[in-house]
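# Architecture and fold: a report
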Amino acid sequence: MPSNADKNAAPPLPAPLGVPVADSHTHLDMQSGTVEEGLAKAASVGVTTVVQVGCDVRGSRWAAETAARYDAVHAAVALHPNEAPRIVHGDPDGWSRQGERAAGGAAALDEALAEIDRLAALPHVKGVGETGLDYFRTGPEGKEAQESSFRAHIEIAKRHGKALVIHDRDAHADVLRILKEESAPERTVFHCYSGDAEMAEICARAGYFMSFAGNVTFKNAQNLRDALAVAPLDLVLVETDAPFLTPAPYRGRPNAPYLVPVTVRAMAAVRGIDEDAMATALAANTARAFAY
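To keep things clear, this report deals only with the structure shown in the data block. Because the structure is a prediction, the values reported are computed rather than measured.

### Examining helix α2 (residues 35-44)
Within α2, burial applies to Val35, Gly38, Leu39 and Ala42. End-on, the buried residues of α2 take up no more than an arc of 95°, which puts them together on one face. On its buried face, α2 is in contact with β2 (47-53), α3 (57-69) and β3 (73-77). Looking at the residues trailing α2, positive phi occurs at Gly46, about 95°.

See below:
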C-alpha cells in the first residue's frame, strides 16, 4: 500500500514526447508551485502550450492576465455551470463546497456575464468556457440559472469569434439540444469528454472537438476509450484538467500539465497509432480549435 506521503506526492516526469503538444484545459491557479515552474516542467517533456481556464469572474481575470504575461499560455474565460446558480441563489447550505454565499439574483448574474464579455474581447483570450450544464451537484432549482448562463456564453463566444469550451456533467442531451437551438460557434470543444461512442458520432457530425483527459486511462472508463476509437482524429484534443483527473497509474495524486504525455501515449494505444502521429494530430487540432 502506498503511504499517504506518496499519495500526495507529485508523480514523476514522464519521458518527453518527440512532438510537442498543448494541454487544452488546465487550472494553473489551483496547482502548487509558480506558473513559471509549471510551464518549465511541462515544456521539459514536450508540453509547450497550455490553455488556462477560468471558472468564475476572479479566475477568468487571472487567466486573462496570465495569458497576457506568458507566450505559452492562452486563456478561456467563463462562469462554470455551478457558478451561475451560486451567483443567483447563493449557497446557504454548502452544496457547492465553495463556502457560504448570499443570493445575488438575476442582476448579479448579468453583471458577472458582462465582465466575462469584456474579458472575451481580449486578444490573448482564445476561448469562452468552461460553460455548459452540470446536473451532478446542482438541484432542479439551479437548472434555469445554468441554462441562461450557458446560452449567454454561447452568444458571447460567437460575437467575439472565440472557441466555446463545454463542461458537460450528467447533462449530455440538454447540452446537445441547447447547442443546436442556439447554433453552436464554429469552434466548440467538449472539455473532459464524458460521453460514449454514440455521442462521439453526434459530436463528429456537428464538427465539435472532443478533448480527452486523464480519466481515459481509468480502468472503469471503457466508454471513453470506445468514444476515442470512433472520434475523427482531426477532432481530438488532450488535456489534464489539472489538478484533477490524474492519469493512471497516478490516479488520486496531484495532476499538472507535465503529465499530458501519459495520456497521449494511452490515446495512441487506443487508436493503434504511434505516439508521434498522435501528438502531431493533437498539436494541430488544438491550434485550430483555439485559433492560435
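Structure shown, so let's carry the discussion forward.
### Focus: the packing of aromatic side chains
According to the stated counting rule, one finds 2 aromatic pairs in the structure shown. Their ring planes at 35° and their centres at 5.8 Å tell us that Phe190 and Tyr208 sit as a pair that is tilted. Linking Phe190 in strand β6 (residues 188-190) with Tyr208 in the loop between α8 (197-206) and β7 (209-212), this pair joins segments that are 18 residues apart in sequence. Of the two residues examined, Phe190 and Tyr208, each falls in the buried class. Ring plane angle 45° and centroid distance 5.5 Å describe the contact between Tyr193 and Phe212, whose orientation is recorded as tilted. A residue pair is termed long-range when its members are at least 10 positions apart, and Tyr193 in the loop between β6 and α8 and Phe212 in strand β7 qualify at 19 residues. Of the two residues, Tyr193 and Phe212, neither departs from the other in class, the shared state being buried. Above the ring of Tyr135, the side-chain terminus of Lys143 is found at 4.2 Å from the ring centroid. Of note, Arg251 hangs over the ring of Phe218, and the distance from its end group to the ring centre comes to 3.7 Å.

### Details of the pairing of strand β5 (residues 163-169)
A large share of β5 lies buried, amounting to 6 of its 7 residues. Bridge analysis of strand β4 (residues 125-134) against β5 gives 6 bridges, and the strand direction is parallel. Its bridge partner being in β5, Gly132 is matched across the sheet by His167. Each parallel crossover has a hand, and for β4 linked through helix α6 (residues 140-160) to β5 it is right-handed. As judged from the 3 bridges shared by β5 and β6, these two strands associate in the parallel manner. Across the sheet, Ile166 pairs through a bridge with Phe190, a residue of β6. Running through helix α7 (residues 172-182), the crossover from β5 to the neighbouring parallel element β6 is right-handed.

Scoring rules and cut-offs
- Residues numbered from 1 in each chain as written.
- Predicted model: local features only at pLDDT ≥ 70, side-chain atom pairs only at ≥ 80, totals over all residues.
- Heavy atoms only, no water.
- Buried < 20%, exposed > 50% of the residue type's maximum accessible area, 1.4 Å probe, protein only.
- Helix = DSSP H or I, 4+ residues; strand = E, 2+ residues; numbered from the N terminus.
- Arc of directions from axis to C-beta.
- Contact = heavy atoms within 4.5 Å.
- Phe/Tyr/Trp six-rings, centres within 6.5 Å; stacked < 30°, edge-to-face > 60°.
- Lys NZ or Arg CZ within 6 Å of the ring centre and 35° of its normal.
- Pairing = 2+ DSSP bridges.
- Right-handed = clockwise from strand over helix to strand, strands pointing away.

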